[in-house]
Amino acid sequence: MDQVIVAFENQKNLWRVKELLEASGAFSCIVCKSADQVRRTVRKLHITAVVCGYKLSDQSAETLFEDLPLSCAMLVLASQDLLELIQNDDIFRLATPVSKGDLVASVRMLTQISRRLERFVRPARTQEAQEVIEQAKRLLMDRNGMTEEQAHRFLQKVSMDSRSKLTQTAQMVLDGAELG
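So, a few notes on the structure that sits alongside this text. The shown structure was predicted, so the numbers you read here are calculated from the model rather than taken from an experiment.

## Some details on helix α1 (residues 11-23)
Then, number 1: Helix length check: α1 (13 residues) gives 18 Å between terminal C-alpha atoms against 18 Å at 1.5 Å per residue, within 8%.
Then, number 2: Of all the positions in α1, only Leu14, Val17, Lys18, Leu20 and Leu21 are classed as buried. Viewed along the axis of α1, the buried residues span an arc of 165 degrees, placing them on a single side of the element. Residues Lys12 and Ala23 are exposed on α1 and point more than 90 degrees away from its buried face.
Then, number 3: A side-chain oxygen of the first residue of α1 lies 2.8 Å from the backbone nitrogen of lysine 12; this N-cap is asparagine 10.
Then, number 4: Looking one or two places after α1, you find glycine 25, whose phi comes out positive at around 80 degrees.

Quick look at the structure:
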C-alpha cells in the first residue's frame, strides 16, 4: 500500500479526497493542512507523492513543489481555470470535478512514476565510499588473482549474504587484510 500526502485548504475537499483514495485499498493517506507541514512530512517519512489543491493555507502548490525532493511527484486537483495558471510542467494536474476512478488511476500512476524516478535521483556513493570499494577490489585482485569483475561480484555476493552495504563489506575485506 502506497503512502501519499493529501493536502487541501478546504477541509471538506481534504477529507473527501482522503476517503476516496483510502476506499480504493491502494493508498494510505497522510493529511497535511499547510505547505510547511507537507515539506516536513515528505522529508521525515520519505513520501514520494502529494495530492493537493491549487493553494494551501500558507502558499501555492506550485511554490511548494519547488521545495520538494526531485523524487516527490505532485498532483494538483483544481478547476481548469486554476490549473491553467500553473507554469511548472512537472506538476501533474487533474481538473475538478473528478470521478473516483480517474482520481485513483491518476494517483496510482503518480506513485508509479515517483518510484521509478526515485531510482534515478538516489544519492550516489560518496567519493570516499567508492575509494574503499576500489581498494578492496585491488586487494582481492592482487592476493587472489581475480579480475576486477570477479572481485566486484565477490564483494556483492558477500554483501548480499551478510545483508550489509557494499561499502561495509569492502571495509571488512580491507580490515581483514590488515590483521592477516
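Next comes the rest of the account.
## Brief notes about the pairing of strand β1 (residues 2-7)
Then, number 1: In this structure, β1 lies alongside strand β2 (residues 27-32), joined through six bridges in parallel fashion. Residue pairing across strands places aspartate 2 opposite phenylalanine 27, the latter belonging to β2.
Then, number 2: For the segment spanning β1, α1 and β2, crossover handedness is right-handed.
Then, number 3: Pairing of β1 with strand β3 (residues 49-52) involves three bridges; the strand directions are parallel. Looking across to β3, one finds that valine 6 is bridged to valine 51.

## With respect to helix α2 (residues 35-45)
Then, number 1: Here α2 has its buried residues at Ala35, Val38, Arg39, Thr41 and Val42.
Then, number 2: Looking at the packing, one finds that the buried side of α2 touches β1, β2, β3 and α3 (61-67).

## Details of the pattern of salt bridges
Then, number 1: Tallying each qualifying case throughout the model produces 11 salt bridges.
Then, number 2: In this structure, arginine 40 engages aspartate 36 in a salt bridge whose closest nitrogen and oxygen atoms are separated by 3.2 Å. Remark: aspartate 36 and arginine 40 occur in helix α2; sequence separation between them is four residues, near one turn of the helix.
Then, number 3: Given a relative accessible area of 52%, arginine 40 falls into the exposed group.
Then, number 4: Here aspartate 36 falls in the partly exposed class, since its relative accessible area comes to 34%.
Then, number 5: Through salt bridges with shared partners, one network takes in Glu134, Lys137 and Glu148.

## What to know about the sheet that holds strand β5 (residues 92-95)
Then, number 1: The sheet built from five strands is open, its strands ordered β2-β1-β3-β4-β5 with parallel pairing. Two strands bound the open sheet, and with one partner strand each, they are β2 and β5. Going from strand to strand, the sheet's axes swing by 25 degrees on average, the running direction of each strand aside.
Then, number 2: Here β3 runs beside strand β4 (residues 73-78); their pairing, made up of four bridges, is parallel. When the bridges of β4 are listed, cysteine 52 appears paired with valine 76.
Then, number 3: Strands β1, β2, β3 and β4 of the sheet are contacted by α1, whose axis makes an angle of about 165 degrees with β2.
Then, number 4: Against the sheet, α2 touches β1, β2 and β3, its axis set at about 135 degrees to β2.

Rules of the game
- Residues numbered from 1 in each chain as written.
- Predicted model: local features only at pLDDT ≥ 70, side-chain atom pairs only at ≥ 80, totals over all residues.
- Heavy atoms only, no water.
- Helix = DSSP H or I, 4+ residues; strand = E, 2+ residues; numbered from the N terminus.
- Expected span 1.5 Å × (residues − 1).
- Buried < 20%, exposed > 50% of the residue type's maximum accessible area, 1.4 Å probe, protein only.
- Arc of directions from axis to C-beta.
- Polar contact = N/O pair within 3.5 Å; in protein donor to acceptor, adjacent residues only side chain to side chain.
- Pairing = 2+ DSSP bridges.
- Right-handed = clockwise from strand over helix to strand, strands pointing away.
- Contact = heavy atoms within 4.5 Å.
- Salt bridge = Lys/Arg side-chain N within 4 Å of Asp/Glu carboxyl O.
- Axes fitted to C-alpha atoms, helices over the stretch in contact; angles between N-to-C directions.

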